[in-house]
Amino acid sequence: QVQLVESGGGLVQAGGSLRLSCVASGRTFSSYRMGWFRQAPGKEREFVAGISRSGGSIYYADPVKGRFTISRDNAKGTVYLQMNSLKPEDTAVYYCAAALRLRTVVAEPEYNYWGQGTQVTVSS
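Residues numbered from 1 in each chain as written. Predicted model: local features only at pLDDT ≥ 70, side-chain atom pairs only at ≥ 80, totals over all residues. Heavy atoms only, no water.

Moving on, we get to unusual backbone geometry. The phi angle at Ser85 is positive, at roughly 50°, despite the residue not being glycine. Along the chain, Ser85 turns up in the loop between β8 (78-83) and β9 (92-99). Relative accessible area serves as the criterion here: at 40%, Ser85 is assigned to the partly exposed category. (Helix = DSSP H or I, 4+ residues; strand = E, 2+ residues; numbered from the N terminus. Buried < 20%, exposed > 50% of the residue type's maximum accessible area, 1.4 Å probe, protein only.)

Now the structure itself:
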């Protein structure tokens with residue numbers, strides 16, 4: 001069992017930055033592949049970024065490439081999402097998720113554990 005707790009969301013103006021954190025407790029954090037997803041009002045949840053257990057492989061959705069950076073600190077049991085050059089369309093609830101086995105990094109059903117989400121609102 002793994003518990004995930006996100007933090008760092010908030011209200012920011014377009015062009016600004018936020019850093020999200022997701023702290024994991026429970027089983028060994030380094031055993032999990034981690035991902036960030038988001039859900040905007042009225043839309044389905046979508047993949048944002050993913051990172052392998054060692055951090056050596058990283059994946060981004062096209063809308064965030066070049067603006068967002070995912071990273072992890074296995075010693076601290078934490079995964080981060082640095083978000084720069086934020087746009088109003090980035091407004092969403094952001095979730096982190098953990099997967100023991102992952103064939104497709106963007107596939108929500110393959111993630112075993114989810115956090116409660118943190119709200120990010122970008123004003124124009």
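Structure's up, so let's keep going.
For the rest of this paragraph, the subject is the nonpolar core. Among the nonpolar cores identified, the biggest contains 29 residues, and Leu4, Met34, Trp36, Val79, Leu81, Met83 and Tyr94 are the most heavily contacted of them. Contributing elements (two or more residues each) for this core: β1 (2-7), β3 (18-26), β4 (33-39), β5 (46-51), β7 (68-73), β8, β9 and β11 (118-123). Dropping the residues within four chain positions of it, Leu81 is found in contact with Leu18, Arg19, Leu20, Trp36, Val48, Ala49, Phe68, Thr69, Ile70 and Tyr94. Membership of the second largest hydrophobic core comes to seven residues, among which are Phe37, Ala61, Val105 and Tyr111. (Core = buried A, V, L, I, M, F, W, Y, C linked by side-chain atoms within 4.5 Å. Contact = heavy atoms within 4.5 Å.)

What follows is about the sheet that holds β8. What the four strands build is an open sheet, ordered β1-β3-β8-β7; its pairing is antiparallel. Edge strands, defined here as strands with exactly one partner in the open sheet, are β1 and β7. Ignoring which end each strand starts from, the neighbouring axes of this sheet average 15° apart. Bridge count between β7 and β8: six bridges; the pairing is antiparallel. Bridging from a neighbouring strand, Ile70 pairs with Leu81 of β8. (Pairing = 2+ DSSP bridges. Axes fitted to C-alpha atoms, helices over the stretch in contact; angles between N-to-C directions.)

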